[in-house]
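# Observations on chain architecture
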Amino acid sequence: MSQSLVDDPAEAALGLTRPFGPGPAPEPGRRVDVRRVLRFLVRRPGLLLSVVVLVLVVLASFQPGLFTSQDPLKGVPSQNFRGPSGTHWFGTDELGRDVFSRVVHGAQLSLKATLIAVLVAFVVGGLLGVVAGFVGRWVDDVLMRFVDVLLSIPALFLSLALVTALGYGTVKVAVAVGIASVASFARVARAEVLRVRQAVFVEASRSCGARWYSVLGRHVLPNAAGPVIVLATLDFGASILAVSALSFLGYGAPPPAPEWGTLISDGRNYLANAWWLTALPGLAIAATVLATNRIARALDGEWSRQR
């Protein structure tokens, strides 16, 4: 027997007839998406280079042994102030320690603090923005006035005040930087929730009797998360700079911990005869920040075109 054109009479009554032939298989669709992503990367060599740089930094933070086998804390005094060479790619410092090894192992401390800072800002700021945008009324007014107060204080000054109150250390510096970035996340999350809350499908879901937590979890949050995630990628680079700045000022992990900001601070006293002590760690910070910003701009552009 031949298969009927309409499987369900109810669907026929509503005009929901199914198309002829089998539906699209999921695997070819995935291959098309992969090809599109690869084509997108190949056409943008700067973005591809940024992805490579960020992958190398992440690998260095989790597996520093892949890049160097030297001890970042052990020095050879007879080899101090050696310039960059095949033996020591980034030269040696005043105690004869390999600077490249210290930069590689310092990526773990700096990225750990950066991830904590971005996570604190994303969770706290996103929660404030979602509550303010979804509840509205006086709750929105109170929360946004608090956010305005945070925005009125420069982020670095606020981070300095918080880390002075909390104490020194990598985690405390990360929490201070994260709290200083809460306001921007709250603003973006609130704006996106307000935009999605007024969409037709959200109104339709409410008119069908869906409860508020179902509307929030199934419709509002998934459709409002994109710009907040892009902001988190952008804030990743800014948090690296903020954490390095506080470490440079001496608020980070105590010596001899090789944080990136601490490396630059230690090398500034030897700029006359050992420029590599500050220039090469600073180049690592600059490359990481530029890479994250380039990736964030690419994600933002893709998100805008898909919308």
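In this text, all values refer to a predicted model and were calculated from it rather than measured experimentally.

### Regarding the overall build of the protein
Across its full length, the protein holds 12 helices and zero strands. Taken from N to C terminus, the helices and strands of the protein fall in the order α-α-α-α-α-α-α-α-α-α-α-α. Within the protein, the proportion of its 307 residues that are buried is 40%. Restricting to contacts in the protein with at least 6 residues of sequence separation, those with at least 24 account for 68%.

### Some remarks on the pattern of salt bridges
Applying the stated rule across the entire model yields six salt bridges. One salt bridge in this structure joins Arg97 and Glu94, with 3.9 Å as the shortest N-O distance. Its relative accessible area of 23% is what places Glu94 among the partly exposed residues. Two residues, Asp140 and Arg190, come together in a salt bridge whose shortest N-O distance is 2.8 Å. On the criterion of sequence distance, the pair formed by Asp140 in helix 5 (residues 137-151) and Arg190 in helix 8 (residues 182-197) is long-range, its members being 50 residues apart. Look at the salt bridges and you will find they share partners, linking Asp93, Glu94 and Arg97 into a network.

### Re helix 8
With 16 residues, helix 8 extends 22 Å from end C-alpha to end C-alpha; this agrees with the ideal 22 Å at 1.5 Å per step. Looking at helix 8, one finds that the buried residues are Val182, Ala183, Phe185, Ala186, Ala189, Glu192, Val193 and Val196.

### Quick notes on the packing of helix 4 (residues 99-135) against helix 5
Helix 5 packs onto helix 4 with a crossing angle of 145° between their chain directions and a minimal axis gap of 7 Å. Seen from above, helix 4 lies across helix 5 with left-handed handedness. Where helix 4 abuts helix 5, its residues Leu128, Val131, Ala132 and Val135 lie against Arg137, Val139, Asp140, Leu143, Met144 and Phe146. Partitioned by chemical class, the residues of the contact of helix 4 with helix 5 number eight nonpolar, no polar and two charged.

Calculation notes
- Residues numbered from 1 in each chain as written.
- Predicted model: local features only at pLDDT ≥ 70, side-chain atom pairs only at ≥ 80, totals over all residues.
- Heavy atoms only, no water.
- Helix = DSSP H or I, 4+ residues; strand = E, 2+ residues; numbered from the N terminus.
- Buried < 20%, exposed > 50% of the residue type's maximum accessible area, 1.4 Å probe, protein only.
- Contact = heavy atoms within 4.5 Å.
- Salt bridge = Lys/Arg side-chain N within 4 Å of Asp/Glu carboxyl O.
- Expected span 1.5 Å × (residues − 1).
- Axes fitted to C-alpha atoms, helices over the stretch in contact; angles between N-to-C directions.
- Left-handed = near helix turned anticlockwise from the far one by under 90°.
- Nonpolar A, V, L, I, M, F, W, Y, C, P; charged D, E, K, R; others polar.

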